[in-house]
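# Per-entry structural report
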Amino acid sequence: MIRINLSSLAPPKTRRGKRGGGSTASMSTPGEGSSTIVLVLVFVAVLGGAIGLSWYMVNREHDRLDKELKAAVAENLKLSEVKAKYEASKKKADVFERRVKVIEDLKEAQKGPVNLLNTVADTVNRTDAVWLEAMTSDGKSLDFVGMALSPDAVAELMTNLRKTGYFKTVEIKETSQDSSVKELQAFKFELICEIGAANKAQRQS
């Protein structure tokens, strides 16, 4: 008769150590690794977002400064054109003003001789029996050549010329009877009239 020990066929039991109830295998929990990866990904995402936001702000500031620079350049160009036009207009105005001044100076310079000639003409017209044939001037004196019906008429003309105040001296240079006039007794005379100092200045101004 054969006997079989069934206990020998059972799977071996884990033997526990005597100390601390036996040794246990050290294994990490699956959830701990996933949490670390998530934290790293979140940090990277936040860092990338911060860098992107900074780049956006810097680029936006760059665009704003670039626009302001272009606007300032355009404004400066416009002001330069306005300044150039103003300077051109000012030059034209200065040239025109100088021309006007020259014309006014010429008119003022002509007043002296014109007034003097008008005074002489009026004086001769107010004196009876005299008339002028020629008049010359060297800037210091006036020389008159004329005709008179009598010596008294010549003397009266000289007196009237002195009264005008234009002449410092009025002298007779020559007088003679004109034989070419048959019908009347006529005298040819020449007067030298020295212009006064005040009237010289007026003629030269």
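Quick notes on the rules
- Residues numbered from 1 in each chain as written.
- Predicted model: local features only at pLDDT ≥ 70, side-chain atom pairs only at ≥ 80, totals over all residues.
- Heavy atoms only, no water.
- Helix = DSSP H or I, 4+ residues; strand = E, 2+ residues; numbered from the N terminus.
- Buried < 20%, exposed > 50% of the residue type's maximum accessible area, 1.4 Å probe, protein only.
- Contact = heavy atoms within 4.5 Å.
- Pairing = 2+ DSSP bridges.
- Polar contact = N/O pair within 3.5 Å; in protein donor to acceptor, adjacent residues only side chain to side chain.
- Phe/Tyr/Trp six-rings, centres within 6.5 Å; stacked < 30°, edge-to-face > 60°.
- Core = buried A, V, L, I, M, F, W, Y, C linked by side-chain atoms within 4.5 Å.
- Expected span 1.5 Å × (residues − 1).
- Axes fitted to C-alpha atoms, helices over the stretch in contact; angles between N-to-C directions.
- pLDDT = per-residue confidence, 0-100.

### Considerations on the overall build of the protein chain
Scanning the protein chain from terminus to terminus reveals three helices and four strands. The order of α-helices and β-strands along the protein chain, N terminus first, is α-β-β-α-β-β-α. Among the 205 residues that make up the protein chain, the fraction classed as buried is 16%. For the protein chain, long-range pairs separated by at least 24 residues make up 59% of all intrachain contacts whose partners lie at least 6 apart in sequence.

### Some thoughts on the pairing of strand β4 (residues 187-195)
Looking at chain direction, strand β2 (residues 141-148) and β4 are connected through eight bridges and run antiparallel. What sits directly across from L142, in β4, is C193.

### Focus: the side chain of T127
Mapped onto the secondary structure, T127 falls in the loop between α1 (30-126) and β1 (130-137). Engagement of the side chain of T127 in a polar contact is seen with the backbone oxygen of T123, the distance being 2.9 Å. Residues in contact with T127, not counting those within four places in the same chain, are A153, E156, L157 and N160.

### Quick word on the packing of aromatic side chains
Inspection of every chain in the model, using the stated rule, returns one aromatic pair. Ring geometry for F144 and F167: centres 6.4 Å apart, planes at 90 degrees, overall edge-to-face. Within this pair, whereas F144 is found in strand β2, its partner F167 is found in strand β3 (residues 167-177), the two being separated by 23 residues in sequence. The buried category is assigned to F167, whose relative accessible area is 8%.

### With respect to the nonpolar core
Residues L116, F144, L157, L161, F167, L191 and C193 are the most contacted members of the largest nonpolar core, which totals 19 residues. For this core, the secondary-structure elements that each account for two or more residues are α1, β2, α2 (151-163), β3 and β4. Counting residues per element, this core draws most heavily on α2, which supplies five residues. Contacts of F144, omitting those with residues within four sequence positions, involve V120, L132, A134, M135, L161, F167, F189, E190, L191 and C193.

### Some points on α2
Residues spaced three or four apart along an α-helix point in a common direction, a consequence of the helix completing one turn every 3.6 residues. With 13 residues, α2 extends 19 Å between its outermost C-alpha atoms, agreeing within 8% with the 18 Å of an ideal straight helix rising 1.5 Å per residue. Just past α2, the residue G165 takes up positive phi, approximately 85 degrees.

### Thoughts on the pairing of β1
With seven bridges joining them, β1 and β2 adopt antiparallel strand pairing. Paired with W131 across the strands is M147, a residue of β2. Between the end of β1 and the start of β2, which pair antiparallel, lie three residues, with G139 showing a positive phi angle near 90 degrees.

### Focus on the sheet that holds β2
Ordered in space as β1-β2-β4-β3, the four strands form an open sheet in which the pairing is antiparallel. A strand with exactly one partner marks an edge of an open sheet, and here the two such strands are β1 and β3. Between one strand axis and the next, the sheet turns through 20 degrees on average, direction left out of account. Along the sheet, α2 contacts β1, β2, β3 and β4; its crossing angle with β4, the most-contacted strand, is approximately 15 degrees.

### Observations concerning unusual backbone geometry
A positive phi is found at A129, a non-glycine position, where the angle reads about 65 degrees. Within the secondary structure, A129 is located in the loop between α1 and β1. For A129, a relative accessible area of 29% gives the class partly exposed.

### Regarding the confidence of the model for the protein chain
With 72% of its residues at a pLDDT of at least 70, the protein chain reaches an overall mean of 77. Low pLDDT, under 50, characterises residues 14-27; the predicted model gives this stretch three contacts beyond four residues in sequence or across chains.

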